[in-house]
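Remarks on the overall topology
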Amino acid sequence: MELTSARINKLIKAIDAEKQALLLIDERDSTYTFCNGEVPVRPNYDFNAVSDRISILNERVMLLRHALNSFNVSHVLPCGYTIDKAIIRMSQLECEKKRLIKRASVPATERVRGYNAINPDYTAVNYELKDAKKRLNDVCKEIASLQLELDSENCTVPIETGLTQQEIEDINYTVNA
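Let me begin by describing the structure that accompanies this report. From a predicted model like this one, the values you see are computed outputs, not experimental measurements.

**A look at the overall build of the chain**
Helix and strand counts for the chain come out as 5 helices and 4 strands. Ordered by position from the N terminus, the helices and strands of the chain form the series β-α-α-α-β-β-α-β-α. In terms of overall dimensions, the chain is more spread out than a globule: its C-alpha atoms have a radius of gyration of 28 Å, far above the 16 Å expected for 177 residues. In terms of overall dimensions, the chain has a C-alpha envelope of 90 × 50 × 20 Å along the principal axes. Out of the 177 residues in the chain, the part that is buried amounts to 27%. Surface accessibility of the chain: about 12,100 Å² in total, with carbon and sulfur atoms responsible for 53%.

Shown next, in the form of structure tokens:
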């Protein structure tokens, strides 16, 4: 069945939530305690059913993640990057943005040694502040553009998941441990 990347990510979160609930049930109900001579109150627990369901959920997550990864390395965005390259580029741009924010926000000249000194020391930037501000603006625009392209593709382009409609409908969104 085909789903968008956004929908696949929501399914993965739902599956992970169900799996975590099952693991809590497994931990809580796999043993029980009682006093000598007392009739034990045995929790309703089926080891095989819990184990089988966890295996099914793991298989579904594997298929969904594989579908996403395959899509990300092959689908080309309008900007020319594949999605995985765009994600890498965004990470690089975020690091560059942090550096440029520092460079663009320092004073051109700053007094660094006491105000009572006869000959105070100054620190001056060794670049044009306007160049740092322009580059920062350009980086912010590129980040926004990439993010918009990724958002659009994530919400509109279908990806073959390898799951059936029934397998997707079988995902439990309201898990109670």
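**With respect to the pattern of salt bridges**
Counted by the stated rule, this structure contains 8 salt bridges. Two residues, Arg 53 and Asp 170, come together in a salt bridge whose shortest N-O distance is 2.8 Å. With Arg 53 in helix α2 (residues 47-74) and Asp 170 in the segment after α5 (165-169), this pair connects stretches of sequence that are 117 residues apart. Overall, Arg 53 belongs to the buried group, its relative accessible area being 16%. Take Asp 170: its relative accessible area is 34%, and that puts it in the partly exposed class.

**Comments concerning helix α3 (residues 83-104)**
Given 3.6 residues per helical turn, the α-helix brings residues three or four places apart onto the same face. An ideal rise of 1.5 Å per residue puts 32 Å on 22 residues; α3 measures up with 30 Å between its terminal C-alpha atoms. On its buried face, α3 is in contact with α2 and α4 (129-156).

Rules used in this analysis
Residues numbered from 1 in each chain as written. Predicted model: local features only at pLDDT ≥ 70, side-chain atom pairs only at ≥ 80, totals over all residues. Heavy atoms only, no water. Helix = DSSP H or I, 4+ residues; strand = E, 2+ residues; numbered from the N terminus. Rg over C-alpha atoms; globule rule 2.2 N^0.38 Å. Buried < 20%, exposed > 50% of the residue type's maximum accessible area, 1.4 Å probe, protein only. Areas by Shrake-Rupley, 256 points an atom, 1.4 Å probe, with all protein chains shown as cover. Salt bridge = Lys/Arg side-chain N within 4 Å of Asp/Glu carboxyl O. Expected span 1.5 Å × (residues − 1). Contact = heavy atoms within 4.5 Å.

Shape descriptors only; they carry no functional weight alone.
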